[in-house]
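Remarks on the overall topology
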Amino acid sequence: AQSVAQPEDQVNVAEGNPLTVKCTYSVSGNPYLFWYVQYPNRGLQFLLKYITGDNLVKGSYGFEAEFNKSQTSFHLKKPSALVSDSALYFCAVRGLNQGGKLIFGQGTELSVKP
Amino acid sequence: DSGVTQTPKHLITATGQRVTLRCSPRSGDLSVYWYQQSLDQGLQFLIQYYNGEERAKGNILERFSAQQFPDLHSELNLSSLELGDSALYFCASSVLGQDSGNTIYFGEGSWLTVV
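Let us look at the structure shown here. Please read these numbers as outputs of a predicted model, since none were measured by experiment. (Residues numbered from 1 in each chain as written. Chains lettered and ligands numbered in written order. Predicted model: local features only at pLDDT ≥ 70, side-chain atom pairs only at ≥ 80, totals over all residues. Heavy atoms only, no water.)

1. Structural notes on the sheet that holds strand β7 (residues 64-68) of chain B
Residues and elements named next belong to chain B. For clarity, the cut-off: Here, strands pair whenever DSSP counts at least two bridges between them. Starting at the N terminus, helices and strands are each numbered in turn, a helix being any DSSP run of H or I of at least four residues and a strand any DSSP run of E of at least two. Helix axes use the C-alpha atoms of the stretch in contact, all axes being lines fitted to C-alpha atoms, and the angles between their N-to-C directions lie in the range 0 to 180 degrees.
Pairing is antiparallel in the open sheet, where four strands are placed in the order β1-β3-β8-β7. In this open sheet, the two strands that pair with only one neighbour each are β1 (5-7) and β7. Here the average twist between neighbouring strands, direction ignored, is 15°. As paired strands, strand β3 (residues 19-24) and strand β8 (residues 74-78) are joined by five bridges and run antiparallel to one another. Along β8, the bridge assignment pairs Cys23 with Ser74.

Structure representation (C-alpha cells):
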C-alpha cells in the first residue's frame, strides 16, 4: 500500500537560515510525489512535484525538493527561510491504481522566527 | 487562486441536519476529489469522480454521498450530521483521473461546524 510519512510534527527555523521539511514514502512502482502548503484558514496550495528526471525539483516561492530513490525520501528545502513561509506543509504521493488520488502525510508545521 | 471554487465557505448547522457542499472544478478538469481535514484525522480522501462516474472511494461514511453532474461540477451531501463531522472539506480537481503526474489543485475549502 502507498503511504507517506512526515517524521516531524513541527520544524522551527530562524529567518534567513536554510530549512528542510522531511518526507519519506512507500509506493509500488514509480512514485509521483507532491508538496502542498496550507496557510492559516486557507486551502492547499501546490508547491512542486516530482514525476521523473532530475532529482532536484524547483517549485514556487523559492522552494525545492530532492528526490532520493534509495532512501525513499522527498525532502522539501529552501536556502533562506522567510517569516512568511510559516505554514503547514504536506507531502503527498499519487496512489497506484487508485484513480489518481493523493495520499497525504500528516503534515509538518513550519515556524520561522525573525 | 487555484481555479477550484467551493461554496459555501462557512456553514454552521445543527446535529441531525443535512447539508450540501458544492464544487466547481478548474476549467478543463474532468476529475473531482473530495477530502476531509480534521485535527485528529488529518487529510482524508473521501471520494473521486471522473467525467461523471465514481472512480475511487475512500473513508466516506454511508451518511455522506457525492455526485458529479454533466457540467462537471460536484456536490457532497452530508446527512444526519454529528458533532464529529465538523471539519474542513476540500474539493480538488485534475485533468486526468488516473495515476499520472498531472497536478491536483485544491479549492479553499468549506468549513463545516456542527453544533
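2. Examining the nonpolar core
Formally: Joining through side-chain atoms within 4.5 Å is the link that ties buried Ala, Val, Leu, Ile, Met, Phe, Trp, Tyr and Cys residues into a set, and such a set is a nonpolar core. Only protein chains enter the area calculation, which uses a 1.4 Å probe; residues under 20% of their type maximum are buried, those over 50% are exposed, and those in between are partly exposed.
Residues Trp35(A), Leu47(A), Leu48(A), Phe74(A), Leu76(A) and Tyr89(A) are the most contacted members of the largest nonpolar core, which totals 29 residues. Only β2 (10-14), β3 (19-21), β5 (33-38), β6 (44-50), β8 (64-68), β9 (73-78), β10 (87-94) and β12 (108-113) of chain A provide two or more residues apiece to this core. Looking at this core, the element that brings in the most residues is β10(A), giving four residues. Counting residues in each nonpolar core, the second largest holds 20 residues, with Val4(B), Val19(B), Trp34(B) and Tyr89(B) among its members.

3. Quick word on the pattern of salt bridges
Residues and elements named next belong to chain A. Threshold: Whenever a carboxyl oxygen of Asp or Glu lies within 4 Å of a side-chain nitrogen of Lys or Arg, that contact is scored as a salt bridge.
Taken as a whole, this structure holds seven salt bridges over all chains when the rule is applied. For Glu64, the salt bridge identified is with Lys58, shortest N-O distance 2.9 Å. Between Asp85 and Lys78 there is a salt bridge, with its nearest N and O atoms 2.8 Å apart. Accessibility assignment for this pair places Asp85 and Lys78 in one class, buried.

4. Considering the interface of chain B and chain A
Our working definition: By definition, residues are in contact when any of their heavy atoms lie within 4.5 Å. Two parts placed together each lose some accessible area under a 1.4 Å probe, and the buried area is that loss summed for both. Polar contact is the term for a pair of N or O atoms within 3.5 Å; when the atoms are in protein, one must be able to donate a hydrogen and the other to accept it, and sequence-neighboring residues count only if both atoms are side-chain atoms. Note that Gly is not counted as nonpolar here; it falls among the polar residues with everything else outside the nonpolar set of Ala, Val, Leu, Ile, Met, Phe, Trp, Tyr, Cys and Pro and the charged set of Asp, Glu, Lys and Arg.
On the chain A side, the residues contacting the 25 residues of chain B number 23 residues. Carbon and sulfur atoms make up 52% of the surface buried where chain B meets chain A, a total of about 1,800 Å² over both sides. The tally of links between chain B and chain A comes to one salt bridge. As a salt-bridge pair, Arg42(A) and Glu108(B) come within 2.8 Å of each other at their nearest N and O atoms. Counting across the chain B and chain A interface gives six residue pairs in polar contact (both at pLDDT 80 or more). At the level of secondary structure, the elements contributing two or more residues to the side of chain B that touches chain A comprise β4 (31-38), β5 (42-50), β6 (53-57), β9 (87-94) and β10 (105-106) of chain B. The class makeup of the residues in the side of chain B that touches chain A is 12 nonpolar, 10 polar and three charged.

5. What to know about unusual backbone geometry
All names here are of chain B. Here the amide bond leading from Thr7 into Pro8 is cis, since omega sits at -10°, within 30 degrees of zero. Structurally, Pro8 can be placed in the loop between β1 and β2 (10-13). Phi angles above zero are rare outside glycine, and Leu72 is one such case at about 80°. Structurally, Leu72 can be placed in the loop between β7 and β8. Judged by its relative accessible area of 16%, Leu72 is buried. For Ser80, which is not glycine, the phi torsion reads 45° and is therefore positive.

6. Structural notes on the state of the cysteines
All names here are of chain A. Keep this limit in mind: The term disulfide is used for any two cysteine sulfur atoms that are within 2.5 Å.
On inspection of all chains with the given rule, the structure shows two disulfides over all chains. Each sulfur of the disulfide joining Cys23 and Cys91 lies 2.0 Å from the other. What sets the handedness of the Cys23 and Cys91 disulfide is the S-S torsion sign, and at about -65° it is left-handed. Here the residue Cys23 occupies a position in the loop between β3 and β4 (24-26), and Cys91 occupies one in strand β10, the gap between them amounting to 68 residues. Assigned by exposure class, Cys23 and Cys91 land together as buried.

7. Some words on the environment of Thr7(B)
Residues and elements named next belong to chain B. Considering the arrangement of structural elements, one finds Thr7 in strand β1. The sequence separation of Thr7 and Cys23 amounts to 16 residues, and the corresponding C-alpha distance is 6.6 Å. For Thr7, the contacting residues outside a window of four places in its chain are Leu21, Arg22 and Ser110.

8. Digging into the environment of Lys22(A)
All names here are of chain A. Relative to the helices and strands, Lys22 is located in the loop between β3 and β4. Overall, the relative accessible area of 36% leaves Lys22 in the partly exposed class. The spatial distance from the C-alpha of Lys22 to the C-alpha of Thr108 is 8.4 Å, given a sequence separation of 86 residues. Apart from the residues within four sequence positions on either side, Lys22 is in contact with Ala5, Gln6, Pro7, Glu8, Trp35 and His75.

None of the figures reported here should be taken as evidence of function without further support.
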